[in-house]
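# Examining the three-dimensional arrangement
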Amino acid sequence: MDKPKDKDKLPDIKDLTICESTGQMIEKARSEGIVLGFDRAATMKACPIGADSACCKHCAMGPCRLNSKDPYGKVGVCGATIDTIMARNFGRMIAAGGAAHTDHGMVMLDVFRDVISGKITDYEVKDTEKLISVAESVDIETEGKSMEDIAKELYAELERTYTQVEGEIPFAKRVPPKTLETWRKLGIVPRGAMREIMEMMHRTHMGVDQDYKNITTQCSRTALSDGWGGSMVATEISDILFGTPVPVATEVNMGVLKENEVNIIVHGHEPNLFESMIASANSPSLIEAAKAAGAGGINLVGMCCSGLEMISRHGIPHAGNFSSTEAILVTGAVDAFAVDIQCIQQGLMKVAKCYDTYMFTTNPRCKIEGCDHLEFHEDKPLDTTDEIVIKAISRFKGRKHPVQIPKTKNTSIHGFSYEYINYMLGGSFRGSYTPLNDNIINGRIRGVAGVVGCTNPRVKQDYSHVELVKELIKNDVLVLQTGCSQIALAKAGLLTPEAAYLAGDGLREVCETVGMPPVLGLGACVDNSRILIAASEMVKVGGLGESLADLPVAGCAPEYMSEKAICIGQYFVASGVYTVFGVTFPIVEGTAFQKYLFEGLEQEGLGKWGFAKDPHEIAKMMIAHIDKKRKALGIDKTRERKLVDMAERRELA
Ligand code: SF4
Ligand code: MSK
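Every chain is numbered on its own, with residues counted from 1 as its sequence reads. The order in which chains are written sets their letters, starting at A; the order in which ligands are written sets their numbers, starting at 1. Owing to the predicted nature of the model, reporting of local features is limited to residues with pLDDT of at least 70; listing and counting of side-chain atom pairs is limited to 80 or more, with chain, interface and lining totals taken over all residues. Hydrogen atoms and water are omitted, and side-chain values are computed over all heavy atoms in the structure.

## Some remarks on the overall build of the protein
Each helix is a run of DSSP H or I of at least 4 residues and each strand a run of E of at least 2, with the numbering of both proceeding from the N terminus. Counting its regular elements, the protein contains 24 helices and 16 strands. Relative to its length of 653 residues, the protein is compact, with a C-alpha radius of gyration of 24 Å against a globular reference of 26 Å. When the backbone C-alpha atoms are referred to their principal axes, the protein occupies close to 70 × 65 × 50 Å. Considering the protein as a whole, with its 653 residues, one finds that 62% of them fall into the buried category. Should any heavy atoms of two residues lie within 4.5 Å, those residues are counted as being in contact. Across the protein, every contact between residues at least 6 apart in sequence was considered, and the portion connecting residues at least 24 apart equals 74%. On the protein, roughly 24,400 Å² of surface is accessible, and the fraction owed to carbon and sulfur atoms is 51%. In this tally, Asp and Glu contribute negative charge and Lys and Arg positive charge; neither His nor the terminal groups of the chain are included. Charged side chains are reduced to one point each, which is NZ for Lys, CZ for Arg, CG for Asp and CD for Glu. Treating the 73 positive side-chain charges of the protein as one cloud and the 85 negative ones as another, the clouds have centres 5 Å apart. Atoms considered for the radius of gyration are the C-alpha atoms alone. The globule rule reads 2.2 Å times the number of residues to the power 0.38. Each residue is placed in one exposure class: buried if its accessible area under a 1.4 Å probe, protein chains only, is under 20% of its type's maximum, exposed if it is over 50%, and partly exposed if it falls in between. In this description, accessible areas are obtained by the Shrake-Rupley approach with a 1.4 Å probe, and a residue is regarded as covered only by the protein chains that are shown.

This is the structure:
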């Protein structure tokens, strides 16, 4: 195993994470000479030119490095300016991030097709109500038709999301009309995701698009083909196949591992693998085998976004977010670690080997040198997942390493789908977003914020997520969460109704009346589409403007690291949302491209980007934006809690 270069120079653990369990495992790893991502980040200085996106390696006349201190002082060998170079790099990040979610969505659609045709028999359509509502949302007539026919028609319609070459993607029908009108005017309504990603890559090839504004137009169209396309299909099909989440209480943090049980972790993004793992872990014969090996049972645990899919649908315990994935192996308690796609660090393999943990890749898209590959096929899923359990049992039986499991566990509630928010606020017979809008209009709720995204070992793990969200709820901003951010807040205890005591008076009153937490977990990073649908419903219900850009909402990924996050940011911006990122932003400040992203897009009727490192500063920026939107809507005065009477409500509608 690599030794840390100079142990004395490594950062203090309290500067690396606020997660106590992860901190304990970093300490243990260091004492055992094992290097985790936190220490690799400390010893691998980020390239400053790359961080500013001021270099280009799109052809062999380069790579060309521009000077971010004097960005217009030089151009590339081909003459490319700093704005062209940054916009092209940005576009390629969006293409890669969008491709990841979109390819995942297409796999979900493939599985759906094979389930309804009978080729796959281990899965079924679990949520027929959702099947009908999704079909109707894309104008499929459902009256008098069999579920099978509706499903077949829906498959054919949603396939266009990916393969269509001309026209508008199916879920464009869900976009509020005024927002769609703006998109049409700007030429950013996506055709099909494959076409948009291909065009993005083409335009950013050497010698093609050399106008940063024109490149940005394609950035928006490509990103929207993910948010309202690939990702949205992934979420909706997962719900149809595996059930739409409803709130469920569970436990998070490394303390969910059990010393006397066979511990199996699933990490990645596709629910298919995890759903089958649940079946294998509950198989009576495998439980018997685990007991015969001396274990109390089989303990199945999630991490990262796979874990978030399962926490939302089944209440499966969750051990930690992205930055904790290596650290948990240091417990010595993990008997098998199964991964599928996305956010799987190559470093995991080395750490797993140190503790003789069986690690398996399962997806043909993601193999890791030196890692056993047990390919997962949805038409015979148990072949793979049973094998993983069997290997885990054998590792448990022969455990060689002392086990040290951090004790901390936190209770949290997850699974607030768009549909559930409807019922939660409007009641089971008259589900509606009207009470949410009313509470925003009367000022009890100041606005809504999406706080989402990764953790990143270049900044203190979980710190910005937690500080930002505390500040937002204190100021009566209701927070919706997806991705790894949600686990940061769950560990901090904010995903419980009791956390309402940290909220401002207005938000607290609403939370206490309904019995909901002030921070709602909506699922994995692919499930940001749930936030888009919720926002569209807020526009539809009325009283808060006509387009998504009118809403008093803002978004943030304060500790992001992935290209998927950049794509998500761009589709929120293109949808009309002010979106602030932390850590770093791939741009040279003061350039025309930066001004365009941070101001120009808003002038065109879209949202805009923002950037700040400090979570309190980010909170101020988001709240100021929410207040600006309240003022534009004429509801800034209602923060004094004036109740809206029926006549006023009718007028607002
Ligand atoms: Fe340099 Fe232009 Fe080639 Fe980029 S495309 S590497 S800026 S010459
Ligand atoms: S897993 S993209 S670290 S949210 Fe979706 Fe977490 Fe970010 Fe990966």
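From this point on, the discussion continues.
## Overview of the environment of I473
Inspection of the secondary structure puts I473 in helix α17 (residues 463-474). Residues I473 and A619, 146 residues apart in the sequence, show an inter-C-alpha distance of 9.9 Å. Beyond its immediate chain neighbours, meaning those up to four positions away, I473 contacts V479, L494, A499, L502, A503, G504, L507, P518 and V519.

## As for the sheet that holds strand β16 (residues 609-611)
Two strands pair if DSSP finds at least two bridges between them. Strand order in the open sheet formed by six strands is β13-β12-β11-β14-β15-β16, and the pairing between neighbours is parallel. The open sheet has two free edges, formed respectively by β13 (519-521) and β16, since each of these has just one partner strand. On average, adjacent strands in this sheet sit at an angle of 25° to one another, irrespective of strand direction. In the sheet, strand β11 (residues 447-451) pairs with strand β14 (residues 553-557) via four bridges, with the strands oriented parallel. Bridge pairing in β14 links V448 to V553. The angle between two axes is taken between their N-to-C directions and runs from 0 to 180 degrees, where each axis is a line fitted to C-alpha atoms and a helix contributes only its stretch in contact.

## Some points on α17
Given the number of residues in a helix, its expected span is that number minus one, multiplied by 1.5 Å. Over its twelve residues, α17 runs 17 Å from end to end, which matches the ideal 16 Å to within 8%, given 1.5 Å per residue. Taken together, the buried positions of α17 are occupied by S464, H465, V466, L468, V469, L472 and I473. Downstream of α17 by a residue or two, D476 has a phi angle that is positive, lying close to 65°.

## Notes on the site of ligand 2
The near set for a molecule or strand comprises every residue that places at least one heavy atom within 4 Å of it. Near ligand 2 lie 13 residues; those nearest to it are H269, C305, C343, C484 and C525. Applying the majority rule of atoms within 2 Å of the grid points places ligand 2 in the largest cavity. Residue polarity is assigned by list, with Asp, Glu, Lys and Arg as charged and Ala, Val, Leu, Ile, Met, Phe, Trp, Tyr, Cys and Pro as nonpolar; anything else, Gly included, falls into the polar class. Of the residues contributing to the shell around ligand 2, the split by class is eight nonpolar, four polar and one charged. Buriedness of a pocket was judged along seven lines, with at least five required to meet protein on both sides within 12 Å; pockets are open sets of points on a 1 Å grid over the protein atoms alone, cavities are sets where a 1.4 Å probe fits but cannot get out, and lining residues have an atom within 4 Å of a point. To qualify as sitting in a cavity or pocket, a molecule needs more than half of its atoms within 2 Å of the grid points.

## Quick word on empty space enclosed by the protein
Grid points are joined across faces, edges and corners, and a volume is the space filled by probe spheres set on the points. Within the structure shown, the criterion is met by four cavities of 30 Å³ or more. Roughly 340 Å³ of internal volume is contained in the largest cavity. Lining the largest cavity we find 39 residues, and of these V452, N528, I531, I568 and F572 sit closest to its centre. Contributing elements (two or more residues each) for the lining of the largest cavity: α12 (304-314), β11, α20 (528-541), β14, α21 (563-575) and β15 (578-581). Of the residues contributing to the lining of the largest cavity, the split by class is 28 nonpolar, ten polar and one charged. Counting contributing residues, the lining of the largest cavity receives three or more from each of domain 2 (254-397) and domain 3 (415-633). These domain limits were set by an automatic method or by a database of domain assignments.

## Section: the packing of helix α10 (residues 271-281) against helix α14 (residues 381-397)
The geometry of α10 relative to α14 is characterised by a closest axis approach of 9 Å and an angle of 60° between their N-to-C directions. Taken together, the axis directions place α10 and α14 in an arrangement best described as oblique. Pair α10 / α14 crosses with right-handed handedness. Residue-level contacts link L273, S276, M277, A279, S280 and A281 of α10 to P381, L382, T385, D386, I388 and V389 of α14. Looking at the contact of α10 with α14 residue by residue, the classes come out as eight nonpolar, three polar and one charged. Here the word oblique covers every angle except those under 35 degrees (roughly parallel), over 145 (roughly antiparallel) and from 65 to 115 (roughly perpendicular). Handedness of a helix crossing follows the sense of rotation of the near helix relative to the far helix, less than a right angle counterclockwise being left-handed and clockwise being right-handed.

## Let's talk about the pairing of strand β12 (residues 477-481)
The element β12 is extensively covered by neighbouring structure, given that five of its five residues are classed as buried. Burial along β12 is two-sided: the face carrying V477, V479 and Q481 and the face carrying L478 and L480 are both buried. Both β11 and β12 contribute to a ladder of five bridges, which runs parallel. Looking across to β12, one finds that G447 is bridged to V477. Think of it like this: strands point away, you trace from the first strand over the helix to the second, and a clockwise trace means the crossover is right-handed. Handedness of the crossover joining β11 and β12 through α17: right-handed. Where β12 and β13 come together, three bridges link them in parallel fashion. Residue pairing in the sheet places L480 in a bridge with L520 of β13.

## Remarks on helix α16 (residues 434-441)
Most of α16 sits out of view: six of its eight residues are buried. All of the buried residues in α16 are L436, N437, D438, N439, I440 and I441. Looking one or two residues past α16, G443 carries a phi angle of roughly 90°, positive in sign.

## A word on the packing of helix α5 (residues 128-137) against helix α6 (residues 147-163)
At a closest axis distance of 10 Å, the pairing of α5 and α6 adopts a crossing angle of 50°. Our classification of the angle between α5 and α6 gives oblique. Seen along the crossing, α5 lies across α6 with a hand that is left-handed. Contacts from T128, L131, I132, V134 and A135 of α5 reach α6 at M147, I150, A151 and L154. The residue inventory of the contact of α5 with α6, partitioned by class, reads eight nonpolar, one polar and no charged.

## A look at the layout of surface pockets
One number sums up the size of the largest pocket: a volume of about 1,300 Å³. A46, G50, A51, R458 and T584 are the residues nearest the centre of the largest pocket, which is lined by 38 residues in total. Where the lining of the largest pocket is concerned, the elements lending two or more residues are α2 (37-43), α3 (48-51), β1 (55-56), α4 (82-116) and α22 (592-603). Here the lining of the largest pocket takes four residues from α2, the largest share from any one element. In terms of residue class, the lining of the largest pocket is made up of 19 nonpolar, eleven polar and eight charged. Its volume calculated, the second largest pocket comes out at about 680 Å³. Along the walls of the second largest pocket sit 27 residues, with S133, Y418, E419, I533 and E537 positioned nearest its centre.

## With respect to the nonpolar core
As a rule of thumb, nonpolar side chains are buried together in soluble globular proteins. In this description, a nonpolar core means a group of buried Ala, Val, Leu, Ile, Met, Phe, Trp, Tyr and Cys residues linked to one another through side-chain atoms lying within 4.5 Å. Membership of the largest hydrophobic core comes to 173 residues, with the highest contact counts inside it found for F112, L154, I264 and L472. The element best represented in this core is α4, accounting for 14 residues. Filtering out sequence-adjacent residues up to four positions away, F112 remains in contact with V125, L131, A151, L154, Y155, I237, I240 and L241.

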